[in-house]
Amino acid sequence: MTLRPQNSSDLLIDGKLVPGSQGSFPILNPATEQVIGHAADAGPDDMDAAIDSARRAFDTTGWSRDHALRARCLRQLRDALLTHSDEFRALTTEEVGAPAFLTGGPQFEGPVRDLGYFADLAENYEWTRDLGRAEPMGIPNLREIRHEAAGVVGAITPWNFPHQINFAKIGPALAAGCTVVLKPAPDTPWAAALVGKVIAEETDFPPGVINIVTSSDHSLGEQLVADPRVDIVSFTGSTATGRKVMAAATQNLTKVFLELGGKSAFIVLDDADLNGACSMAAFNVVTHAGQGCAITTRLLVPREKLAEAIAATGKAMAGLKADDPSKPGTICGPLISAAQRERVEGYLELAVEEGGTIECGGGRPADKEKGFFIEPTLISGLDNSARVAQEEIFGPVLVILPHDGDDDAIRIANDSPYGLSGMVYGSDEARVNHVVDSVRTGTMGVNGGIWYAADVPFGGYKHSGIGREMGVAGFEEYLETKSVAKPA
Ligand code: NAD
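Rules behind the numbers
Residues numbered from 1 in each chain as written. Predicted model: local features only at pLDDT ≥ 70, side-chain atom pairs only at ≥ 80, totals over all residues. Heavy atoms only, no water. Helix = DSSP H or I, 4+ residues; strand = E, 2+ residues; numbered from the N terminus. Contact = heavy atoms within 4.5 Å. Salt bridge = Lys/Arg side-chain N within 4 Å of Asp/Glu carboxyl O. Pairing = 2+ DSSP bridges. Axes fitted to C-alpha atoms, helices over the stretch in contact; angles between N-to-C directions. Near = heavy atom within 4 Å. Polar contact = N/O pair within 3.5 Å; in protein donor to acceptor, adjacent residues only side chain to side chain. Areas by Shrake-Rupley, 256 points an atom, 1.4 Å probe, with all protein chains shown as cover. Nonpolar A, V, L, I, M, F, W, Y, C, P; charged D, E, K, R; others polar. Domains from an automatic or database assignment. Phe/Tyr/Trp six-rings, centres within 6.5 Å; stacked < 30°, edge-to-face > 60°. Buried < 20%, exposed > 50% of the residue type's maximum accessible area, 1.4 Å probe, protein only. Lys NZ or Arg CZ within 6 Å of the ring centre and 35° of its normal. Parallel < 35°, antiparallel > 145°, perpendicular 65-115°, else oblique. Left-handed = near helix turned anticlockwise from the far one by under 90°. Lys, Arg positive; Asp, Glu negative; His and termini not counted.

Draft legend 1. A look at the side chain of R55. Assignment of secondary structure puts R55 in helix 1 (residues 44-60). With residues up to four places along the chain from it excluded, the contact list for R55 reads V152, T179, R229 and D231.

Draft legend 2. Layout of the pattern of salt bridges. Tallied over the entire structure, the rule returns 30 salt bridges. Look at the salt bridges and you will find they share partners, linking D14, D48, D52, R56, D227 and R229 into a network.

Draft legend 3. The sheet that holds strand 5 (residues 128-134), seen in detail. Read across the open sheet, the three strands follow the order 5-6-22; overall the sheet is antiparallel. The open sheet has two edge strands with one neighbour each: strand 5 and strand 22 (479-487). Sheet twist, expressed as the average angle between the axes of neighbouring strands with direction ignored, equals 20°.

Draft legend 4. Spotlight on the site of the ligand. Around the ligand, the structure places 28 residues, and the nearest of them are T157, H218, T241, L260 and E392. A distance of 2.8 Å is found between an oxygen atom of the ligand and a side-chain nitrogen or oxygen belonging to T241. For the ligand, a nitrogen atom lies 2.5 Å from a polar atom in the backbone of L260. Coverage of the ligand by the protein chains reaches 91% of its 850 Å² of free accessible surface. Counting only elements with at least two residues in the shell around the ligand, the list comes to helix 8 (219-226), strand 10 (232-236) and helix 9 (239-249). Across the shell around the ligand, the residue classes break down as 14 nonpolar, nine polar and five charged. For the shell around the ligand, the two domains that each supply at least three residues are domain 1 (11-260 + 465-487) and domain 2 (264-453).

Draft legend 5. Local environment of the packing of aromatic side chains. Taken as a whole, this structure holds eleven aromatic pairs when the rule is applied. On the basis of an interplanar angle of 80° and a centroid distance of 5.5 Å, the ring pair of W159 and F394 is categorised as edge-to-face. Taken together, the residues span a long stretch of sequence, with W159 in the loop between strand 7 (152-156) and helix 6 (162-176) and F394 in the loop between helix 13 (387-390) and strand 16 (397-403) at a distance of 235 residues. The two residues W159 and F394 agree in class, both being buried. For K368, the ring lying beneath its charged end belongs to F373, and the centroid distance is 5.5 Å.

Draft legend 6. Structural detail: the packing of helix 5 (residues 109-124) against helix 6. As a packed pair, helix 5 and helix 6 sit with axes 9 Å apart at the nearest point and diverge in direction by 15°. It follows that helix 5 is roughly parallel to helix 6 by the angle criterion. In this structure, helix 5 crosses over helix 6, and the sense of that crossing is right-handed. When helix 5 is examined against helix 6, the residues P111, V112, L115, F118 and A122 are found in contact with a partner set consisting of H163, Q164, F167, G171, P172 and A175. Tallied by class, residues from the contact of helix 5 with helix 6 come to eight nonpolar, three polar and no charged.

Draft legend 7. Structural detail: the side chain of K263. Residue placement: K263 occurs in the loop between strand 11 (255-259) and strand 12 (264-268). At 8.2 Å, E391 is the nearest oppositely charged side chain to K263, a buried residue that forms no salt bridge. A distance of 2.8 Å separates a polar atom in the side chain of K263 from the backbone oxygen of E391. Sequence-distant contacts of K263, that is, excluding residues within four places in its chain, are made with T297, R298, V388, A389, Q390, E391, E392, I393, S416 and Y418.

This is the structure we're talking about:
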């Protein structure tokens, strides 16, 4: 079976593949600007039908109580997707502009394999916990805690790592016994819709348990958030949209789970291997053209080593040129869209207006006539109060800043509205640990350490979000807790 749609991909509603009531909309390859195909364009009635079917599947079927069925369906989906891996990986590079090497990891195969972790949780989680006997008000009682699925999940996702983020929501939500309506970003509808096709044609998921609604219209996201039949909104996207989602959810007191933006710091201590650290910082920020919320976009180096660090980082970034993402060696592909490229270019102009120096890159690569490429760009000469050091740019753009010792580096790292991720390089364990303990952020790497894995909770402090995705903590976001007592 080939996944690429002849005409348009479909919606998945109530177990059926159906066209969008608004027709279809084109999808661009961001590396070539060519239309690669079309996706179903849902309207409000389609979204209404999807929510209705998720509600019905939750309220009237045994899905939420059948742990074995859920584990089986999730493993079946993982195995079916892996049989299509070559095609999915190629389509992900075409649709998302994701460098090919990433599709063997977090851009496709990694999160697909992680479905097995969530299937294991469905089977092995301690659904009921015995609290034993107690005598409240002198009356003996036996108590227990039961964990139950929280209900219908409205999952809203961005375009940058679409498979990773879609599966990090679908996987734990379905494993927990919830039913789901997934609304992916308009830029990357196929990543979700073609998974919907595999679900409909190659798995035993009962109708309505998972619904996938692609649309060119962001307002379908608003509709999903505001609908009283939705119990949890699980949102990943920008902090600005996250605020709107949270505000809209107040109407029905819907629980919100938010994974938002970041401006994470890469801290180099004075006893670190400076060259190794700068190479890693360069690699990190150019990967997928910097379109990752957890990418470290501020490089904090000892003031006395600033010139040396600028030279090393600039050289490494200039060597990682923006290129065709389908080439095996490409690390930096294109940005997702013309709009995103304009946004990044606006920040590059702003950096110069703010008094910064462009050490390498600074604009579109001269050798690319098509594609939304931006050269890896290093900015120096600013302090942390500059807007380019405070705001999320979402491009291959690194701001290098001097620090005056470990506590100053911690101060600068924390002088941010965000708190998503970070990295520290140093050779003294106590000093490194002091930094790890002091930076207010949801994840930290040490000397190049990679925390990304199915069992590692991921999420942000401050404006980077509320709640955790992945791991047991991420699974528990989709559960309710019921306390039960009976006379002893
Ligand atoms: P976005 O906020 O513009 O859109 C995200 C999703 O929200 C899309 O599906 C969009 O259609 C939908 N949406 C837009 N307006 C809405 C509204 N008012 N109500 C409900 N839904 C609405 O984000 P984007 O541009 O697609 O993605 C980039 C952003 O995502 C960056 O800020 C990045 O940091 C963030 N991000 C965060 C994480 C994380 O885990 N913390 C991961 C990836 C991306």
